[in-house]
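Chain by chain, the residues:
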Amino acid sequence: MKKILLLPLVFTALFASAQTRPLEGKVVSATDQHAVSKASITIKNGKSFIADDSGRFRIEVPSGAFSLTVSSIGFASQDVAVNTADNNITIQLIETDKNLNEVVVVGYSDKKKGELTSSVAVVDAGKLKDVTTNDVGSMLQGKVAGLQVVNSSGVPGANAEIRLRGVSSINASQSPLYVVDGIIGGNFDPNDVESITVLKDAAATAMYGSQANAGVIVVTTKRAKTNKTAFEFKATTGFRTPDFGKLDMMNGEQLYNYQKEFYRDYIPTDTGNSYKIDLLKFYAERPRELQGQDHNWMTTIFNPAFMQNYYFSISGRTDKNDYYLGASYYNEDGTFKNTKFQRVNLRASSTLHFNPKISLTNTINISGITGTSYDYNDIYYAFLNLPWDNPYDSAGKPVYVDGNSSFKWWSRDKVNPLHTIDHSDHPYKGFDVNYDLNFNYQITNWLAFSSTNRIGASYSKSTNYYSGDVAGQYHGTGYLDESSILSYSGISNDLLKFNFKFGDHQLSGLAGVAFEGGKTETIGASGRGLPFNLRVLNVVSSNLSVNGYYDQSALISYISQVNYSYKNKYFLTGSYRVDGSTAFQKNNRYGSFPAISAGWLISNEDFLKDNHVIDLLKIRGGYGVTGTQDIGASRYLGLYSLTSQYNNESAATPSQLPSPNLTWESKYQTNIGVDIDFFKRISLSVDVYKNQTKNLLLQVSQPLSVGFETRWENSGEIENKGLEIALSTINIRNKNFSWTTDFNISFNTNTLQKLPANFVKTGSWAISQTYRNGGNLYEFYMPVWKGVDPQTGAPLWEKITKDADGNVTAKETTSSYAEATLQEVGSALPKYQGGFTNTFTYKNFSLSANLYFLYGNKVYSNDLRFVMNDGNEPYYNQIVLPSGYSIWTKPGDIATNPSPQNAANSTETSTRYLQNGSYLSIRNISLGYNLPQSLATRLGLQNIAVTVTADNVYTFTKFLGQDPQTTIQSDIYTTPGVSDFKYPNNHQYLLNINIKF
């Protein structure tokens, strides 16, 4: 009886299944056949479905003939007839607005530009390739509004310093988080980059929680673009020359004449001065033949350097597999003697499509580096050694010099840096391996599972070696220092993603968990006493020192996001992330980072559809929270040091006070923006933001009775407010000629709030910066220079007198440095910055010029206290005084520089050497030629392009010193905004050949 009852149910099921059938397909752009991600597919009078990120879909459809309606932002909606025999179809959509349908990678998911509710900037590979470097950060300079990029050093292989929307922390790292192919961290080569997305506001970055406090840079690497095998080869070669800025050092004759000023008949306390130069005494102490001795230390130690970069890739795509293989070699010789950097990188990626629902991507990136660094003192001597000294002997070899040398060596420090360079070595090497495994499973038409995973390991070793032949502290013994660092890490993001449509409504989002952990092991040793100049640690015989360090961290995160849109006009996004970190004790281990944003695509409204002026008009706004823990591990613990001894055994001494209440430093961000395109030629984006960082992680001063000067606490706030404008225009476009312009500018103000007390940080050379409520970060704090006393030639500073209430009652000048008043005199942070790029094409020729500008920051040119020192150090070389500068010689002179006979304390820290750091730099000029397509085809090639480029062409600035691009990093070795005999940046001139076949 039961079997009889089941029969109708079985027949019903069979009948129902006979009414439907599976249909597979792909949605592509009719223009370039690229996949249209997340297209909406609706069966007429039936269900709606969403294609995946690669445009693929597999749905159940009626068994007979029917029609589909397919639509996507930036494309015209299209009705597609499906016949009974159709099992696999390709649907081509016609673009209506390419700007809207561009896919933007925004972290754990992709969105079309028209769907964005947050502040992001996309820079594709075409706009990155004008500058050739090993560092993507340098390539971004001047191309993203709000992104400050500083090339603070020309050391081979050096990375640029990057700050997004100002500086929002005092102690935590302010470098943006890098995300490579959807996974935090990772390694890559600039040649493998397809595009860069800069996530600016919390609506975009809060998905990364505690790691996104300084913004996020998302790197998308290259993938196969066509269904046939494609090859690309690129060769770049050229040379570099050092950029010394405005430090024009004196030659032998100039220095000789300058030093006559030291011999004027002027004693400040006497009344019978003649102010004439005592030539007899001068010639006795400075023989006349010196003016003919002219050795240029700069051109001896710095020289033009060779640079080369080679890249080769293979890519292709089939129905079952997408693959990419890229290999690159980068070789950069340093302009400073015996410095260099080399990098080899191999990247391989393969995506297997087991079926329309399941895909697996394997990616491996292997890189190795090797190079040679330098000793800072050698650069110091290159600038300061006198041109009267010849560094070579009669055989042309660097001569050894020390304080006991029998011959005359005029330079103050009895060191020949060429000899030191030849008898020392500073090599380093390392490798990095990353393996990514990404699994995607389309569970249903609207639900998918994604697991992205990466394991990585890196090793680096650096050595500092001095033979016993060098002058100075290592003479006779030699010195060897070696340090090795081994790091390994893992990360896994496991997410459920949904995306479905019901009528005019579309809902998508994700939820999941992320795990991240890593370990770092450091070991090193150093010592002296190297027999026969051997370079191995096991022969060290004295001053042996061994050190080691071990660090381990872990982070668990819970991630969720929901996106809602209505009629492709109204968009709403909310996200919520919870991070748990081992950097804090258990009660404060978890931090919450929510965000919400909305957008209104006004140009999709009916009242604007038929207008011929506005192509795109969108308003968006968002609010969210990010945080940071990046101050080092175990700051909340009471720590003991075991480096001392007691009774011949290890002794423990307190080294850090416990801070059990220490918790997350959090940044609360608000952003409002508008995007508008009109006349199909002009695109404008404007963003206004306010970022407030609370619970700063600070080392707060403690009472003397505690026994420690400071303790880690959460205290104080930093507020950044700003405006960003990005403008792109097509000025001329016809058959043979085009001219386009990209311009961006950003303004930012920075304010400190709710600090427990004012405090002053003093770096090297007593250069101080003050931190107070209502003040700016990196505000220089020093006496104000008031010039030279016309009657005495003495230096003058400003002295301020205040009453008991702190009100200023008098301002006067003083020649006593001890009486000068410390004052706030300007910040190292700029008031505004931006970039300007013009691109011209004529037939097969192209010309582009990129400029970068920065305004309103102060830079302390510490070089000047040495090279414009008023005779305080007569055996240092000096700069040729620029136009407008003069030395006081007699009463009544209006001079900029004090008399060498009356210059006490003139080189002490003051605004005398505090310079305007504003500049306009011609960042890059590029001239290219594409061979005619007909000729390339006859050669069996797809394309051949030849380009000549010039980087760091010229800098317009009033800054007196080296390149005004100065570090904005704060640590124990550097002070933000202080320039101090850095390794100079370089002018670069290159030839590029790019072949595709």
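Residues numbered from 1 in each chain as written. Predicted model: local features only at pLDDT ≥ 70, side-chain atom pairs only at ≥ 80, totals over all residues. Heavy atoms only, no water.

For the chain, the count of helices and strands is 13 helices and 53 strands. For 997 residues, the compact-globule formula gives about 30 Å, and the C-alpha radius of gyration of the chain, at 33 Å, lands near that figure. For the chain, the spread of C-alpha atoms along the principal axes amounts to about 130 × 75 × 65 Å. A burial count over the chain gives 50% of its 997 residues as buried. Of all intrachain contacts in the chain linking residues separated by at least 6 positions in sequence, the fraction that spans at least 24 positions is 68%. Of the roughly 44,700 Å² of accessible surface on the chain, a fraction of 56% belongs to carbon and sulfur atoms. Measuring between centres, the 87 positive side-chain charges of the chain sit 8 Å from its 88 negative side-chain charges. (Helix = DSSP H or I, 4+ residues; strand = E, 2+ residues; numbered from the N terminus. Rg over C-alpha atoms; globule rule 2.2 N^0.38 Å. Buried < 20%, exposed > 50% of the residue type's maximum accessible area, 1.4 Å probe, protein only. Contact = heavy atoms within 4.5 Å. Areas by Shrake-Rupley, 256 points an atom, 1.4 Å probe, with all protein chains shown as cover. Lys, Arg positive; Asp, Glu negative; His and termini not counted. Charge placed at Lys NZ, Arg CZ, Asp CG, Glu CD.)

Another point: the sheet that holds strand β40 (residues 768-771). Strand order across the open sheet formed by four strands is β39-β40-β41-β45, with antiparallel pairing between neighbours. The sheet is open, and its two edges are formed by β39 (759-762) and β45 (822-827), each paired on a single side. Taken pair by pair, the neighbouring strands of this sheet meet at an average axis angle of 40 degrees, ignoring direction. (Pairing = 2+ DSSP bridges. Axes fitted to C-alpha atoms, helices over the stretch in contact; angles between N-to-C directions.)

Going through the model one piece at a time under the given rule, you end up with seven cavities of 30 Å³ or more. Approximately 340 Å³ is the volume found for the largest cavity. As for the largest cavity, its lining consists of 25 residues, and the residues nearest its centre are S138, N151, R240, R923 and N985. Elements that contribute at least two residues to the lining of the largest cavity include exactly β19 (321-333), β50 (919-930), β51 (943-957) and β53 (986-996). (1 Å grid on protein atoms, 1.4 Å probe; cavity = no way out; pocket = protein on both sides within 12 Å on 5 of 7 lines; lining within 4 Å. Points joined across faces, edges and corners; volume = space filled by probe spheres on them.)

What follows covers the confidence of the model for the chain. Model confidence for the chain is summarised by a mean pLDDT of 89, while 96% of its residues fall at 70 or above. Model confidence for the chain, summarised as mean pLDDT per element, is weakest for helix α1 (residues 2-18) at 43 and strongest for strand β42 (residues 785-788) at 97. The low-confidence segment residues 1-18, where pLDDT is below 50, has one contact with residues more than four positions distant or belonging to other chains. (pLDDT = per-residue confidence, 0-100.)

The next point concerns helix α9 (residues 376-384). With respect to burial, α9 is a largely interior element, seven of its nine residues being buried. Regarding α9, the residues found buried are D378, I379, Y380, Y381, A382, F383 and L384. Looking at the packing, one finds that the buried side of α9 touches α8 (297-301), α10 (417-422) and α12 (864-867). The distance from a side-chain oxygen at the start of α9 to the backbone nitrogen of N377 is 2.9 Å, and the residue carrying that oxygen is D375. (Polar contact = N/O pair within 3.5 Å; in protein donor to acceptor, adjacent residues only side chain to side chain.)

Attention now goes to the pattern of salt bridges. One pass over the full model with this rule turns up 27 salt bridges. K680 is the salt-bridge partner of D615, the closest N and O atoms lying 3.7 Å from each other. Residue D615 is found in strand β30 (residues 614-628), and its partner K680 is found in the loop between β33 (665-678) and β34 (682-694); the two are separated by 65 residues along the sequence. Accessibility expressed as a relative area gives 22% for D615, which makes it partly exposed. Relative accessible area serves as the criterion here: at 59%, K680 is assigned to the exposed category. Three or more residues joined by partner-sharing salt bridges are found here, namely R165, K200 and E724. (Salt bridge = Lys/Arg side-chain N within 4 Å of Asp/Glu carboxyl O.)

This part is about the packing of aromatic side chains. Taken as a whole and assessed by the stated rule, the structure comprises 57 aromatic pairs. Judged by centre distance (5.5 Å) and plane angle (75 degrees), the ring pair of Y380 and Y381 falls under edge-to-face. Aromatic side chains F845 and Y929 sit 4.7 Å apart centroid to centroid with 45 degrees between the ring planes, which places their arrangement in the tilted category. Of this pair, F845 sits in strand β47 (residues 845-855) while Y929 sits in strand β50; the two residues are 84 residues apart in sequence, bridging distant segments of the chain. Overall, F845 belongs to the partly exposed group, its relative accessible area being 44%. Cation over ring: R535 sits above Y465, and NZ or CZ is 4.4 Å from the ring centre. Positioned above the aromatic ring of Y668, the side-chain terminus of K694 is 4.8 Å from the ring centre. (Phe/Tyr/Trp six-rings, centres within 6.5 Å; stacked < 30°, edge-to-face > 60°. Lys NZ or Arg CZ within 6 Å of the ring centre and 35° of its normal.)

Read across the open sheet, the three strands follow the order β49-β48-β52; overall the sheet is mixed. Either end of the sheet is taken by a strand with one partner, and the two such strands are β49 (914-916) and β52 (978-979). In this sheet, β49 lies alongside strand β48 (residues 858-861) in antiparallel orientation, the contact comprising three bridges. Bridge pairing links V859 to Q915 in β49.

The next thing to look at is the pairing of strand β12 (residues 161-164). Side chains E161 and R163 project from β12 onto one buried face, and the interleaved I162 and L164 project onto a second face that is buried too. In terms of strand pairing, strand β11 (residues 147-150) meets β12 through four bridges, oriented antiparallel. Note on β12: the bridge partner recorded for L147 is L164.

As a rule of thumb, soluble globular proteins bury nonpolar side chains together. Membership of the largest hydrophobic core comes to 51 residues, with the highest contact counts inside it found for F383, L777, F780 and V867. Counting residues per element, this core draws most heavily on α9, at six residues. Judged by nonpolar contacts, the second largest core, of 22 residues, contains Y108, V120, Y208 and I491. (Core = buried A, V, L, I, M, F, W, Y, C linked by side-chain atoms within 4.5 Å.)

Further remarks concern the side chain of T573. Its location among the elements puts T573 in strand β28 (residues 570-581). Within the structure, the side chain of T573 is placed 3.0 Å from the side chain of N563, a separation counted as a polar contact.

This part is about a nonpolar patch on the surface. A cluster of nonpolar side chains, L847, I925, L927, V946, V948, L991 and I993, forms an exposed patch at the surface whose accessible area comes to about 480 Å². Within the fold, I993 resides in strand β53. (Patch = residues over 30% accessible without salt bridge, like charges linked within 9 Å, V, L, I, M, F, W, Y side chains within 5 Å.)

Here we take up a negative patch on the surface. A cluster of like negative charges, contributed by D265, D270, D278 and E285, occupies part of the molecular surface. By the secondary structure assignment, D278 is in the loop between α6 (252-258) and α7 (279-285). For D278, a relative accessible area of 36% translates into the label partly exposed.

Along the chain, N543 turns up in strand β27 (residues 542-566). Residue class for N543 comes out exposed when judged on its relative accessible area of 55%. In this view, N543 contacts S526, G527 and R528; residues no more than four positions away in its chain are not counted. Side-chain polar atoms of N543 contact the side chain of S542, separated by 3.4 Å.

Let us look at the environment of S827. Looking at where S827 falls in the secondary structure, it is placed in strand β45. The class for S827 is buried, based on a relative accessible area of 11%. Remark: the alpha-carbon pair of S827 and N776, spanning 51 residues in sequence, is separated by 6.6 Å. Not counting the four nearest positions on each side in its chain, S827 is found in contact with N776, L777, Y778, E779, G856, N857 and K858. One polar contact links the side chain of S827 to the main-chain carbonyl oxygen of L777, over a distance of 2.7 Å. Among the polar contacts made by the side chain of S827, one reaches the main-chain amide nitrogen of L829 at a distance of 3.0 Å.

With that settled, consider the side chain of Q769. Topologically, Q769 is positioned in strand β40. Exposure remark for Q769: the relative accessible area of 2% places this residue in the buried category. The residues touching Q769, leaving out its near neighbours within four places in the chain, are F759, V760, K761, Y778, E779, F780, Y781, T975 and P976.

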